[in-house]
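Coordinates in review
Listed below are the residues making up each chain.
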Amino acid sequence: MAFTGDLEQLHIVDIIQLLNTTRKSGIFSVKGSRGESRIIFSNGYIVGASHLNNKVRIGTVLVKMKAITVEDLEHALKAQRTAGKDRKPLIATLIEMGKLRSEEASRGLKKLIEITIGELISWTSGTFTLDTETIAVSSECSYPISKMEQEISLDAQMVLMDALRIYDEKERDRQAGKDMPAEEELFTDVLPSSEAEIFSEKTPAITADDLGLGDLDHLERKIPQFVPVTEIFDPLQIHRQKIKEILSDYSAEEQEVFVSFLEKSTISIDARPGSQRHEGRAKGLVIFSGDELLRHSLMTICKDEGVLVFATDGEEELGRIIDQCLTIKISPVLVFDDCETPEGLLSRGKITSLRHQIRDRYPQVCIVQIASFGDYAFTLEAFSDGVRSVFPKPSREDRKASFIGDTIKLLETFKAYIKGFFHEQKDAAASDNLLTILKARMYSLRELDGPAAVSLALLQYVSEICERSITFIVRPSELSGDKAIGVEADRNAGPTSAAKLRVPLTAPSVFRDMLEKGRCFYGESDDVILKRHIFEEIGPPLRPTIILLPMKSLGKPVTLTYGDFGGKEASPLQIDMLEILAQEAGLVMENALYRKHLNKTSRK
């Protein structure tokens, strides 16, 4: 059946995770004001994608990545044209022709999907359609989605993490003022006419090459039905079925207690506004366990905190997951379950050995151990191995009557712990981001030439934080208005003249105090001079919280940048960063004046 829902109900990231965890197959389409994109799933794995309105095609991506040549692409397209109903997807055709290795095919498809998801992450409005029907293919072509997974498939969680990391990096670069070219510019069609003509007779809005799936333009589609998100992905039903299988030796009433607990976490996920659901997604949790109850429960409660969760009980796959996380700059939390067998991979000896390996190979990874209650030797041994925390695991055999309640307590405690841990990581990441921005802006300041350009740059930095900002020239008896942003016109309109503004320095005031100290001021002020000469002229802000940022040259203040939050509430800021920028701006201005003096001297 084909279903249609609203992105305001469920964010794109949550949908991809649900498709992955529920092992859905079908075509997931997203439509918005900018156009339409599609992602194709088979048993929860991604097997194809189309970028927004065909602006980036899989054939072009493979050529630009040097996986194939333009000639290879032409030959493959020709083979598709002559194949008739036996036509295969472009990727499958290239592999069969010996022109493309599976590894390169995976890289190309992964890149196309990253571009597509990166575009969709910022969408908070629009509609999505999920077609999970058995695909009825026309007589012209037959190639089922189930076979596409055999040709090439990608782990949706891994691809999603990479796409989110790339999205975050681009956002940081944009905030730092870097010029970021659009993906469409980087992957311009290498065969714009030929590639577009292959299947245009059926659906000009999307071609088989966009998807890497040659049959999808010929699918017989039915009008999708608009239904609530919970009818497409009914979390309660998913939990109920899973818990029924795992806790089969408990009564239906006891099972429902656990289902109800899991449902609460699911509800809190969906209740968040769409614009907030994708924030802070660069968080990963890896569970090494064969316990289906623990794996399902941790995946559910951690989604409530926006954590991407991976579960495995294989040593080789464990290393692959951690490597992938670190490659995309995510340091995951690794959770080792209690030893389940006397011998083998989940034995006590093997888990201890794995802890040592992880500690030596990945010292930056936080390790958490779950241990049997009362197993003091194993707990102390875990701490000795560098484990950050140990959680006691309820015993189903010894305490069956209280097992469900005990497990809920464990999960509630673990959730609180993981929330605090990632909050600490977020603070550390924010500090790193600020340093990156600071470094970029300092380099930008050093490229400026002349006092006017320097003072304007400082004004623009303050305007990124404040709704209204003004640059004043410091004179012996007054501050003289120079430029303003957000005062006479909208903040996005850029700087305007502030020549009418004058602030006397003859009487005591917060302005004179800051100039004498040469320090930045941030906070509320009921200063009389401030009210009379600023607020009465440009209007009072909602709160009297202001920024005063002096810039000194040759030891004396030459400008003072003012900022307030207008009709909005004041927001916290890194005042130290502004002071560093002001000091750097002063040094740049001194250098500019010094060069100007040298030029004059050399002309004499």
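These numbers come from a predicted model, not from an experiment. (Residues numbered from 1 in each chain as written. Predicted model: local features only at pLDDT ≥ 70, side-chain atom pairs only at ≥ 80, totals over all residues. Heavy atoms only, no water.)

This part takes up the confidence of the model for the protein chain. Per-residue confidence for the protein chain averages 79 on the pLDDT scale, and 81% of its residues sit at or above 70. In this model, residues 134-150 is a region of pLDDT below 50 whose contacts with residues beyond four sequence positions or in other chains number 44 contacts. A low-confidence stretch, residues 194-227 stays under pLDDT 50, and its non-local contacts, those more than four residues away or across chains, total 103 contacts. (pLDDT = per-residue confidence, 0-100. Contact = heavy atoms within 4.5 Å.)

The parallel open sheet is built from five strands, whose spatial order is β8-β7-β9-β10-β11. The two strands at the open ends of the sheet, each matched to only one other strand, are β8 (308-312) and β11 (389-393). Strand after strand, the sheet turns through a mean of 20 degrees between neighbouring axes, direction not considered. Here strand β9 (residues 333-336) pairs with strand β10 (residues 366-372) via four bridges, running parallel. The residue bridging F336 from the neighbouring strand is Q369, located in β10. Taken strand by strand, helix α18 (residues 376-384) contacts β10 and β11, and its axis lies near 175 degrees from that of β10. (Pairing = 2+ DSSP bridges. Helix = DSSP H or I, 4+ residues; strand = E, 2+ residues; numbered from the N terminus. Axes fitted to C-alpha atoms, helices over the stretch in contact; angles between N-to-C directions.)

Attention now goes to the packing of helix α16 (residues 315-327) against helix α17 (residues 348-361). Two elements in contact, α16 and α17, have axes whose closest approach is 12 Å; the angle formed by their N-to-C orientations is 25 degrees. With respect to their mutual orientation, α16 and α17 come out roughly parallel. Remark: the crossing between α16 and α17 carries right-handed chirality. Across from E315, L318, I322 and D323 in α16, the residues of α17 making contact are K350, L354, Q357, I358 and R361. Partitioning the contact of α16 with α17 into residue classes produces four nonpolar, one polar and four charged. (Parallel < 35°, antiparallel > 145°, perpendicular 65-115°, else oblique. Left-handed = near helix turned anticlockwise from the far one by under 90°. Nonpolar A, V, L, I, M, F, W, Y, C, P; charged D, E, K, R; others polar.)

So, on to the packing of aromatic side chains. What the rule picks out here adds up to seven aromatic pairs. Ring geometry for Y250 against F403: centres 6.4 Å apart, planes inclined by 25 degrees, an arrangement best described as stacked. One end of the pair, Y250, is in the loop between α12 (235-246) and α13 (252-271); the other, F403, is in helix α19 (residues 403-446), and 153 residues separate them in sequence. As far as burial versus exposure is concerned, Y250 and F403 are alike and both buried. An aromatic cluster of at least three residues, connected via ring pairs, comprises F391, F414 and Y417. The ring centre of Y250 lies 5.3 Å from the NZ or CZ of K400, which sits over that ring. (Phe/Tyr/Trp six-rings, centres within 6.5 Å; stacked < 30°, edge-to-face > 60°. Buried < 20%, exposed > 50% of the residue type's maximum accessible area, 1.4 Å probe, protein only. Lys NZ or Arg CZ within 6 Å of the ring centre and 35° of its normal.)

A word on the environment of N492. You can see N492 is positioned in the loop between β13 (478-485) and β14 (496-497). Residues N492 and E464, 28 residues apart in the sequence, show an inter-C-alpha distance of 9.9 Å.

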